[in-house]
Amino acid sequence: MAAREPQQAQPPSGSAEPDAAGGYEAVAPHWFYCKVTDGRERWSPFSAQDSARLEEAHGAGKDKEDVVVPTSGGRYDVHLKQRQRVAVYWEEEVAEVRRCTWFYKGDKDNKYIPYSETFSEELEEAYMTAVTQDEWKKKLESPSREIIILHNPKLMVHYHPAATSDDWGSTPTEQGRPRTVKRGVENIAAEIPNGEPLQIDHLVFVVHGIGPACDIRFRSIVQCVNDFRSVSLSMLQAHFKRAQEQQHIGRVEFLPVNWHSSLHSTGVDVDLERITLPSINRLRHFINDTILDVFFYNSSTYCQTIVDTVASEMNRLYQLFLQRNPLFKGGVSIAGHSLGSLILFDLLTNQKAAPEEEEHQEGVRTAASSGGAEDVKEILKELELWEYCEVFEKERMDGQALFLCTEANLKEMGIPLGPRMKILHYISSKRETQNRSSAAPQHKECRSPAQPSPAHTDEGRNCQYRDIGLGQVSANYPQLNYKPTIFFAFGSPIGMFLTVRGVKRINPNYSLPTCKGFFNIFHPVGIRTRARQWQARAARLTVLLVQFDPVAYRIEPMIVPDVEFEPMLLPHHKGRKRMHLELKEGLTRMSVDLKNNLLGSLRVAWQSFTRTPLPALEAASTEGEAEAEASTEKQPDTKAEEPPPAVKEEASPINVGRLNGGNRIDYVLQEKPIESFNEYLFALQGHLCYWESEDTVLLVLKEIYQTQGITLDQPLPGSQ
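Keep in mind that this is a model prediction, so the values were computed, not measured. (Residues numbered from 1 in each chain as written. Predicted model: local features only at pLDDT ≥ 70, side-chain atom pairs only at ≥ 80, totals over all residues. Heavy atoms only, no water.)

**Section: the overall build of the protein**
From N to C terminus, the protein includes 24 helices and 20 strands. Looking at the protein residue by residue over its 720 residues, the buried ones come to 44%. Considering only intrachain contacts with a sequence separation of at least 6, the fraction spanning at least 24 residues in the protein is 72%. Entry remark: accessible area of the protein is about 37800 Å², with carbon and sulfur atoms responsible for 53%. (Helix = DSSP H or I, 4+ residues; strand = E, 2+ residues; numbered from the N terminus. Buried < 20%, exposed > 50% of the residue type's maximum accessible area, 1.4 Å probe, protein only. Contact = heavy atoms within 4.5 Å. Areas by Shrake-Rupley, 256 points an atom, 1.4 Å probe, with all protein chains shown as cover.)

Put into structure tokens, the structure is as follows:
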């Protein structure tokens, strides 16, 4: 299918005003829907393609029947006969739908409000009569006894009377402030989107975190995902325009997954209300509705409710989506915000891979446990047999070959009886440990908290890594009906929860059973710089990333704990660093340069002042001084500092294991200028700002379309 661009649509070509000859032209209708927010009605236009589809069905007389027209990318259905807009994938109040031609300006927000379809037809008939017969200044009375006067084609007003009638029963007159009346949607300057591409390339389920509100404006997950989807459409147009023009891509669909309402409909709120103290009432209710979700998830009873709700809801949405999009052949990814990312991570770690994939993972696990020549050295060092390392190196023995050795092989290599017995005992104990772990059901599922910790068993002493599922709440984790392509975690506390559960290190060879991609994204950072000594007369400018999100934690240090490195700094969606960050780095480099020049001038002056001024010695020692100065240049100078030509976010590739297919996992977003003033002030906002972050959306789109062989029009600097 052709992929259409989500641009702002132009008004209908037919003008609603009469031409110069005074001829009448029918008004071009547009369809609107009404959403009630906090008791206030707000009318919004359908997209151009949705309105055209509704008008086509209306023109064919289908509004006499119970015809359903899909709109908004298939997420809403319009029942034409009932004039209702109904959500498809989630629960939402039914919205009224109108075929609109005439509008008047409201009192409060100066937004144009459409008249009812019946009264709009009366206004149109009066307007047609006035144009054709040139009879203006006509008065019409609305069903609510309001007066509309058509003075001329450019001036039409609506009077709202102060009282419906007086004591004598007279009709309402033009009282109060007049309101403007407009004919046709092209005259009210409404922002009408062109619509979404019909082709869907990928499906993403988005799971929310604690509480019913997902951002600083206390909006629901549905509203936040709507913003995320809108940003994705603009990013597709800006960075994948070539692929869109060639009709290689359409769009990515994002669907919200709500588990909070199901959890709090179990009656737990009534129990909490019974024990909640009456003081600071609002704060206590806010805690009961939000913060306690973390404790609920760590309860075996309510954890089961949460994981069942999330898994069943995603499976239901997936089946419903396939029913409504039978031609869909794309993949499925999942994204979680805050606690939602932890829920998804626990679900993914407890998925069962296909038999062939299990065999492959078992081979990788065996190879990882066997290791290479370096692991053989570690084993011999652990057994206090390090003096036999050269013998094993000479025979080219790696870890896998070591576990295949028999007593005869070791004897043939010249290993004495005592060391030979130690090695054979180590091999047999490792085999027994692997057999027990493969036979135990907890290896594939979660480990019960009542089971003894591996740290107090032989398994704990012999194993280098602890099971990734250790410490999870005892629950029966459901299986998903699909294999996710990528898992995106926004502002995720996964690293903190794994640490609290007792997982000190993640095996570099571990990967999620059914999902090969994992991105941990947190926002934002403040860049602080400092110069430190690196080599002789050279200083390395170190970029310190100051994370504002108080809930987000890193994953990579749990895989590579011995190496200190910063997360990947996401490039700005416009292809550069934010201006204030570049300014900070430039000022830091300038200050370091000035400091070096000053120190160099002082050093030269001091050397010239302390040098012995003897002519006889000066000629004889010229060559010696040159050599001494050259050697001084080569020695480390703890005071001289020079900045590098440019600051790089990543100096060299770092192996962070197979959790994301060998690619980087932790990605950090750039701070906004106002956020650099006070990191504590913007900490909460930093945890809730992912929904409208262009950089976050662009990373998601880039990674999704990269699996389909489609890249950005212009690669962003600093991107992986």
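We are not done yet, so read on.
**Focus: the environment of Met568**
Considering the arrangement of structural elements, one finds Met568 in strand 19 (residues 568–569). Accessibility expressed as a relative area gives 6% for Met568, which makes it buried. With 47 residues separating them in the primary sequence, Met568 and Ile521 have C-alpha atoms 9.5 Å apart.

**Notes on the sheet that holds strand 10 (residues 147–152)**
If you walk across this open sheet you meet the six strands as 8-7-12-11-10-9, and the pairing is antiparallel. Two strands in the sheet have a free side with no partner beyond their single neighbour: strand 8 (112–114) and strand 9 (138–141). Averaged over all pairs of adjacent strands, the angle between their axes in this sheet comes to 30°, without regard to strand direction. Two elements, strand 9 and strand 10, share four bridges in a ladder whose sense is antiparallel. Following the sheet pairing, Glu141 is matched in strand 10 by Ile147. Helix-sheet contacts for helix 2 (residues 117–133) involve strand 7 (102–105), strand 9, strand 10, strand 11 (155–159) and strand 12 (179–183), and the interaxial angle to strand 9 is about 170°. (Pairing = 2+ DSSP bridges. Axes fitted to C-alpha atoms, helices over the stretch in contact; angles between N-to-C directions.)

**With respect to the nonpolar core**
Within the largest apolar cluster, 104 residues are counted, with the highest numbers of intra-cluster contacts made by Phe205, Met314 and Phe487. In terms of residue count, the dominant contributor to this core is helix 9 (residues 300–324) (nine residues). In contact with Met314, not counting residues within four places along its chain, are Phe205, Val207, Val257, Ile334, Leu344, Leu347, Leu480 and Tyr482. Membership of the second largest hydrophobic core comes to 18 residues, among which are Leu385, Met397, Cys405 and Leu410. (Core = buried A, V, L, I, M, F, W, Y, C linked by side-chain atoms within 4.5 Å.)

**Concerning the environment of Asn520**
On the secondary structure map, Asn520 appears in strand 17 (residues 517–535). Classification of Asn520 as buried rests on a relative accessible area of 1%. Among residues more than four places away in sequence, those in contact with Asn520 are Ala489, Ser492, Tyr553, Arg554, Ile555, Ile665, Asp666 and Tyr667. Polar side-chain contacts of Asn520 include one of 2.9 Å to the backbone oxygen of Tyr553. (Polar contact = N/O pair within 3.5 Å; in protein donor to acceptor, adjacent residues only side chain to side chain.)

**Some words on a nonpolar patch on the surface**
A surface patch of nonpolar side chains, about 720 Å² in accessible area, is lined by Phe218, Ile280, Leu283, Phe286, Ile287, Ile291 and Phe295. Here the nonpolar patch gets three residues from one element, more than from any other, and that element is helix 7 (residues 281–289). The residue Ile287 is located in helix 7 in this model. Its relative accessible area of 32% is what places Ile287 among the partly exposed residues. (Patch = residues over 30% accessible without salt bridge, like charges linked within 9 Å, V, L, I, M, F, W, Y side chains within 5 Å. Salt bridge = Lys/Arg side-chain N within 4 Å of Asp/Glu carboxyl O.)

**Looking at the pairing of strand 1 (residues 30–37)**
Here strand 1 runs beside strand 6 (residues 95–100); their pairing, made up of five bridges, is antiparallel. Looking across to strand 6, one finds that Cys34 is bridged to Glu96. Alignment of strand 1 against strand 2 (residues 40–45), held across six bridges, turns out to be antiparallel. Counterpart to Val36 in the pairing with strand 2 is Glu41. Following strand 1, the chain reverses through two residues before pairing antiparallel with strand 2; Asp38 in that reversal takes a positive phi of roughly 55°.

**What to know about the confidence of the model for the protein**
Overall, the predicted model of the protein reaches an average pLDDT of 77, with 69% of residues at or above 70. Every residue in residues 628–651 is under pLDDT 50, and counting partners more than four places away or in other chains gives 46 contacts. (pLDDT = per-residue confidence, 0-100.)

**Quick look at the side chain of Asp77**
Of note, Asp77 is situated in strand 4 (residues 76–79). A polar atom in the side chain of Asp77 sits 2.8 Å from the side chain of Arg324.

**Some remarks on the pattern of salt bridges**
Considering all chains together, one arrives at 24 salt bridges under this definition. We note a salt bridge from Glu407 to Arg420, for which the minimum N-O separation is 3.8 Å. Of the two residues, Glu407 is situated in helix 15 (residues 407–412) and Arg420 in helix 16 (residues 417–439); the sequence distance between them amounts to 13 residues. A single network of salt bridges, built from pairs that share partners, joins Arg75, Glu196, Arg229, Arg251 and Glu253.

**Quick word on the packing of aromatic side chains**
For the structure on display, the rule yields 21 aromatic pairs. For the ring pair Tyr127 and Trp136, a centre distance of 5.9 Å and an interplane angle of 70° mean the geometry is edge-to-face. Measuring from ring centre to ring centre gives 5.0 Å for Phe487 and Phe518, while their planes differ by 5°; the resulting arrangement is stacked. Taken together, the residues Phe487 in strand 16 (residues 486–490) and Phe518 in strand 17 connect sequence positions 31 residues apart. (Phe/Tyr/Trp six-rings, centres within 6.5 Å; stacked < 30°, edge-to-face > 60°.)

**Some words on the packing of helix 9 against helix 10 (residues 339–349)**
Relative orientation and spacing of two packed helices are given, respectively, by the angle between their axes and the distance between those axes. The geometry of helix 9 relative to helix 10 is characterised by a closest axis approach of 10 Å and an angle of 80° between their N-to-C directions. With respect to helix 10, the element helix 9 is oriented roughly perpendicular. Mapping the contact onto sequence places Ile306, Val307, Val310, Ala311 and Met314 in helix 9 and Ile343, Leu344 and Leu347 in helix 10. Of the residues that constitute the contact of helix 9 with helix 10, the class distribution is eight nonpolar, no polar and no charged. (Parallel < 35°, antiparallel > 145°, perpendicular 65-115°, else oblique. Nonpolar A, V, L, I, M, F, W, Y, C, P; charged D, E, K, R; others polar.)

**Re the side chain of Arg420**
Among the residues examined, Arg420 registers a relative accessible area of 8% and is labelled buried. Setting aside residues up to four positions removed in sequence, Arg420 forms contacts with Glu407, Leu410, Lys411 and Ile415.

**Quick notes on helix 24 (residues 694–706)**
Helix length check: helix 24, at 13 residues, gives a terminal C-alpha distance of 18 Å against a target of 18 Å (1.5 Å per residue), a fit within 8%. Counting buried positions along helix 24 yields 11 of 13 residues, so the element is predominantly enclosed. Listed as buried for helix 24 are Asp695, Thr696, Val697, Leu698, Leu699, Val700, Leu701, Lys702, Glu703, Ile704 and Tyr705. (Expected span 1.5 Å × (residues − 1).)

**As for unusual backbone geometry**
Both trends apply: most residues other than glycine have a negative phi, and most peptide bonds are in trans. A positive phi angle is found at Arg83, which is not glycine, with a value near 55°. Its location among the elements puts Arg83 in the loop between strand 4 and strand 5 (84–87). Assessed through its relative accessible area of 15%, Arg83 is described here as buried. Non-glycine residue Ile280 carries a positive phi angle of around 35°.

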